[in-house]
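# Geometric and topological summary
These are the residues of each chain, in order.
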Amino acid sequence: MNTTVLAVATACGLSTVLLIACLVQQEAIQRLRRATRTAASRSSDQQREIMQLQEDVVRSRTRVNALLDAIPDPVLLLDGGGTCLASNQSARRLFGPAEGRRIIEITQSAVLNNMLRIVSEQTDQVQEDRELMLQHPTNMTVSVTVARLGPSDDIAVILQDRTELRRLETVRRDFVANVSHELRTPLTSVKAMAETLMDGALHDESVAKRFLKTIVTDTDRLVRLTADLLALSRIESYEVEKVPVDLVALIRDIMSRLRSSIKASGLTLDVRMPRACFVDCSEDEIGQVMLNLLENAIKYSLDGGKITISVEDGQEEVLVAVADTGIGILQQDIPRIFERFYRADKARSRASGGTGLGLSIVKHIVERHGGRVWVESVYNHGSCFHFALPKEMESTDESPFGSMAPKA
Ligand code: ADP
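This write-up is about the structure you can find in this document. Small disclaimer: the values here were computed from a predicted structure and weren't measured. Residue positions within a chain follow its written sequence, with the count starting from 1. Local features are withheld for residues below a pLDDT of 70 in this predicted model, meaning they are given only at 70 or higher, and side-chain atom pairs are given and counted only at 80 or more; totals for whole chains, interfaces and linings count all residues.

### Regarding the pairing of strand β11 (residues 372–378)
Short version of the rule: DSSP bridges decide pairing: two strands pair if at least two such bridges lie between them. To qualify as a helix, a DSSP run of H or I must reach at least 4 residues; to qualify as a strand, a run of E must reach at least 2; elements of each kind are numbered from the N terminus.
Bridge count between β11 and strand β12 (residues 382–390): 7 bridges; the pairing is antiparallel. Its bridge partner lying in β12, Ser 377 is registered against Ser 383. Hairpin remark: β11 followed by β12, antiparallel, with 3 residues in the connecting loop; positive phi at Asn 380, about 75°.

### Side note on the sheet that holds strand β2 (residues 84–87)
Operational definition: For helices, the fitted axis covers only the stretch in contact; all axes are lines through C-alpha atoms, and the angles between them, taken along N-to-C directions, range from 0 to 180 degrees.
The strand order across the open sheet formed by 5 strands is β2-β1-β5-β4-β3, and the pairing between neighbours is antiparallel. Where the open sheet ends on each side, the last strands, each with one partner, are β2 and β3 (127–134). Each strand axis lies, on average, 25° off the axis of its neighbour in the sheet, ignoring direction. The pairing of strand β1 (residues 75–78) with β2 spans 3 bridges and is classified as antiparallel. Among the inter-strand pairings, Leu 78 is bridged to a residue of β2, identified as Cys 84.

### Comments concerning the packing of helix α7 (residues 163–198) against helix α8 (residues 205–237)
Note the cut-off: Oblique is the label for any angle not under 35 degrees, not over 145, and not in the 65 to 115 range, which are roughly parallel, roughly antiparallel and roughly perpendicular in turn. Take the far helix as the reference: if the near one is turned anticlockwise from it by less than a right angle, the crossing is left-handed, and if turned clockwise, right-handed. We call two residues in contact when the distance between their C-beta atoms, placed using the backbone, is within 7 Å.
Packing of α7 against α8 leaves a shortest axis separation of 9 Å and a crossing angle of 155°. As far as their axial angle goes, α8 and α7 are roughly antiparallel. You can see that α7 and α8 cross each other, and the crossing is left-handed. Residues Val 179, Glu 182, Leu 183, Pro 186, Ser 189, Val 190, Met 193, Ala 194, Thr 196 and Leu 197 of α7 form the contact with α8, whose own contacting residues are Ala 208, Phe 211, Thr 214, Ile 215, Asp 218, Thr 219, Arg 221, Leu 222, Leu 225 and Leu 229.

### Description of the site of the ligand
How we decide: We count a residue as near a molecule or strand when its backbone-placed C-beta atom lies within 6 Å of that partner. Only Asp, Glu, Lys and Arg are considered charged in this grouping, and only Ala, Val, Leu, Ile, Met, Phe, Trp, Tyr, Cys and Pro are considered nonpolar; every other residue, Gly among them, is considered polar.
Near the ligand there are 23 residues, and of these Tyr 300, Ala 344, Ser 349, Gly 354 and Gly 358 occur at the shortest range. Those elements giving two or more residues to the shell around the ligand turn out to be α10 (283–299) and α12 (358–368). Along the lines of polarity and charge, the residues of the shell around the ligand split into 9 nonpolar, 11 polar and 3 charged.

### Digging into helix α9 (residues 247–264)
Quick reminder: α-helices carry 3.6 residues per turn. Residues three or four places apart thus point the same way. As a reminder of what qualifies: Take the residue count of a helix, subtract one, and multiply by 1.5 Å to get its expected span. Exposure in this text rests on C-beta crowding, where 20 or more other C-beta atoms within 10 Å of a residue's own make it buried, 12 or fewer make it exposed, and counts in between make it partly exposed. The C-beta atoms are placed from the backbone.
Between its terminal C-alpha atoms α9 stretches 26 Å, which fits the 26 Å expected from 18 residues at 1.5 Å a residue. Every buried residue of α9 is accounted for by Leu 247, Val 248, Ala 249, Leu 250, Ile 251 and Ile 254. As for α9, its buried residues are in contact with β6 (243–246), β8 (278–281), α10, β9 (306–313) and β10 (317–324). Where α9 terminates, the next one or two residues include Gly 266, which has phi positive at roughly 70°.

### Concerning the pairing of strand β4 (residues 140–148)
Bridge count between β3 and β4: 8 bridges; the pairing is antiparallel. Across the sheet, Gln 127 pairs through a bridge with Ala 147, a residue of β4. Connecting β3 to the antiparallel partner β4 that follows it, the hairpin turn spans 5 residues. Note: β4 against strand β5 (residues 155–161), 7 bridges, orientation antiparallel. Paired with Val 142 across the two strands is Asp 161, which belongs to β5. Between the antiparallel neighbours β4 and β5 lie 6 residues, among them Gly 150 with a positive phi of about 70°.

Below, the structure is given as structure tokens:
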């Protein structure tokens, strides 16, 4: 028996501990049975041995249960007919009390039931592994191992939740497909323009100028896209390094960088901020958040519109809002607006050279700072993007760095 159980344990990997524990318990019970059979004809020494063995059985059962509960994945021990004999805490959390119920009733999965049948009926099959979808008690993708515990009919069922893993794989696949598409479009256009120029359009000055302008616009878009992809990769690869930053000074700096494009778009800027407001954050990353939000407010505003920036120094968090009187966002688009490459207004986004990554970068950065980001918007009236950063230090009215204090 030992060899079979250990063979299963080795193949099973994640259930090694469980199977060895079961083996120990089985052996304790067998020793007890052997001793009980001969006890009637033996001395009181034998009776004492039986009591000792009974205690061993109880102890080993307690250990097995503790081991079962220590396994983070749901584990069910079944008899050959598929009725649950024991379950661990994780299985009980998922399925509720399982003891005495049949596996088909517990999981409502015909596929799992079939795996169990294969393992219990076929003598050469001690283990079945599969990934399957469970619909009960909740929708989830699980990797299932069904393993027979030695020559006894008992069977262990071990489930591993793969839902998040599969979801992330889909996200990654979609992301690669989206990036390829986003790169291919401007590259195809640049190639076509260059080829047409080479085929003779170079000699027609007005056509050549128009084509070259498009080539510059498309390459600018490629540069922005690669910069955004690099920014995403950077924030996904490194832990955030927080230092005390005066948010007000930081915002004033970003504003001064965008002042000329605000003016060129015929927009006015209204700023409502305290003299200083310190928060622990990465200056580069929160600067990127403000830049993305302000660039969007400019891009999606109409001539003569207004952008309002406000900073509120709250008790536990600092609240920043960037509001515009621009085109607004349809309610149906709002839940998806922070997804990568999601564009509510595709034409306007592309025309203004948008990459579709700006808001996903904003969300990523704010959340890795332990903050929140959200938007309120009325279509055709304007949008207000808010973010809140937790305060990890007291903010002061007076900046401790005199020279860095904001200029009025
Ligand atoms: P993009 O590069 O396309 O601007 P973002 O991730 O920054 O990408 O924004 C996603 C989409 O959200 C945009 O395509 C646009 O439709 C919408 N959006 C973002 N900011 C605003 C805003 N201030 N007003 C209206 N729509 C906005």
